[in-house]
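Chains, contacts and geometry: an overview
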Amino acid sequence: MKLNRRSVLGLIGTVGIGSGAAFGSGAFSNVSATREVEVNVVGADGNGSEIATEFTDVLVDASAAEVALRNSDGTLVTDATTLFPTSSDSLTTDGGTTVSTDYVSLIANDVSVVFGYEDSGTDERLMPNSTYDYSSGFFKLVNNDDGSGTNFNVDLDTGSGLLTGIGGSTDSYNQDVSAGSVSDLSATLETGDSATETEDLTITITEA
């Protein structure tokens, strides 16, 4: 059963990535190209909400200067620490790992994540026709053991080659996350040459 359907990775036009590297010709007629990945979080056996809550979270790193969030009402949020987890509800696993408030929950927040934006004189846009590599920790899978010791399987799957290299794989990644543990995943963004590019990212969480 689908738990949530969110536009989560809205990607807009030109400049660099703080934690990654960009390669490409940069040749493009429109510097305001849009890249967007719609995220679907899926549970299992008609029990998606409970499974996602037990698993705890799938998060994205929003620490780089060019990464912002957009609320469901369209408001641009440039301070990731104002969204869950905040300093007042920081996330610590039973294994003792604390998740930085620079991370934004893809389960608890109804947001899109914007890569490259212009706002109040700030220009942090991305280059088209380029490859952006995000190091390990771009996605964070958190299984905070609720006492039952349950392991969960998390599958991240995309379709059209925009968001690739998830966890060092291609456009899909599958892993069992043991109770009380955190798994850090890298990712690669491939910006094409069209004015608008979109794809779906489906996150499926099941008991392992």
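Definitions and cut-offs
Numbering of residues starts from 1 in every chain and runs along the sequence as written. Given that this is a predicted model, residues contribute local features only at a pLDDT of at least 70 and side-chain atom pairs are listed and counted only at 80 or more, while totals for whole chains, interfaces and linings are drawn from all residues. Where side-chain values are given, they derive from all heavy atoms of the structure, hydrogens and water being excluded. Strands here are runs of E lasting at least two residues and helices are runs of H or I lasting at least four, both read from the DSSP assignment and numbered beginning at the N terminus. Throughout, exposure labels follow a simple rule: accessible area from a 1.4 Å probe, protein chains only, divided by the maximum for the residue type, with under 20% read as buried, over 50% as exposed, and the rest as partly exposed. Contact definition: two residues touch when any of their heavy atoms are within 4.5 Å. DSSP bridges decide pairing: two strands pair if at least two such bridges lie between them. For Phe, Tyr and Trp, where Trp contributes only its six-membered ring, two rings pair if their centres lie within 6.5 Å, and the inter-plane angle classes them as stacked under 30 degrees, edge-to-face over 60, or tilted in between. Here, a salt bridge means any Lys or Arg side-chain nitrogen found within 4 Å of an Asp or Glu carboxyl oxygen. A score from 0 to 100, pLDDT tells how confident the predictor is in each residue.

Section: the overall build of the protein
Within the protein one finds one helix and 18 strands. Looking at the 208 residues of the protein, the share that counts as buried comes to 46%. Long-range pairs, those at least 24 residues apart, make up 79% of the contacts in the protein between residues at least 6 apart in sequence.

Brief notes about the pairing of strand S10 (residues 111-115)
Taken across its five residues, S10 has five buried, putting it largely inside the fold. Here S10 shows a buried face lined by Val 111, Val 113 and Phe 115 and a second buried face lined by Ser 112 and Val 114. Of the strand pairs in this sheet, strand S5 (residues 67-71) and S10 are connected by five bridges, and their pairing is antiparallel. Counted as the bridge partner of Ala 68 is Val 114 from S10.

Some thoughts on unusual backbone geometry
Glycine aside, residues mostly have negative phi, and peptide bonds are mostly found in the trans state. With omega at 0°, the peptide bond leading from Phe 84 into Pro 85 counts as cis. Looking at the element boundaries, Pro 85 is found in the loop between strand S6 (76-77) and strand S7 (91-92).

Some words on the packing of aromatic side chains
One pair of aromatic rings is described through two measures. These are the centre distance and the angle between the planes. Counted by the stated rule, this structure contains two aromatic pairs. Taken together, Tyr 134, Phe 138 and Phe 139 form an aromatic cluster joined through their ring pairs.

Things to note about the pattern of salt bridges
A full pass over the atoms with the stated rule returns one salt bridge. Residue Lys 140 pairs with Asp 184 through a salt bridge whose shortest N-O separation is 2.6 Å. In this pair, Lys 140 sits in strand S13 (residues 130-143) while Asp 184 sits in strand S17 (residues 181-191), placing the two residues 44 residues apart along the sequence. You can call Lys 140 buried: its relative accessible area is 9%. Residue Asp 184 is classed as partly exposed on the basis of its relative accessible area of 38%.

What to know about the confidence of the model for the protein
Parts of the prediction with low pLDDT should not have their coordinates interpreted in detail. With 73% of its residues at a pLDDT of at least 70, the protein reaches an overall mean of 74. At the level of individual helices and strands, the protein shows its lowest average pLDDT in strand S1 (residues 2-12), which scores 41, and its highest in strand S16 (residues 172-177), which scores 91. In the predicted structure, residues 1-19 sits below a pLDDT of 50 and forms 104 contacts with residues beyond four places in sequence or in another chain. This model gives residues 23-31 a pLDDT under 50, and the stretch forms 21 contacts once residues within four places in sequence are excluded.

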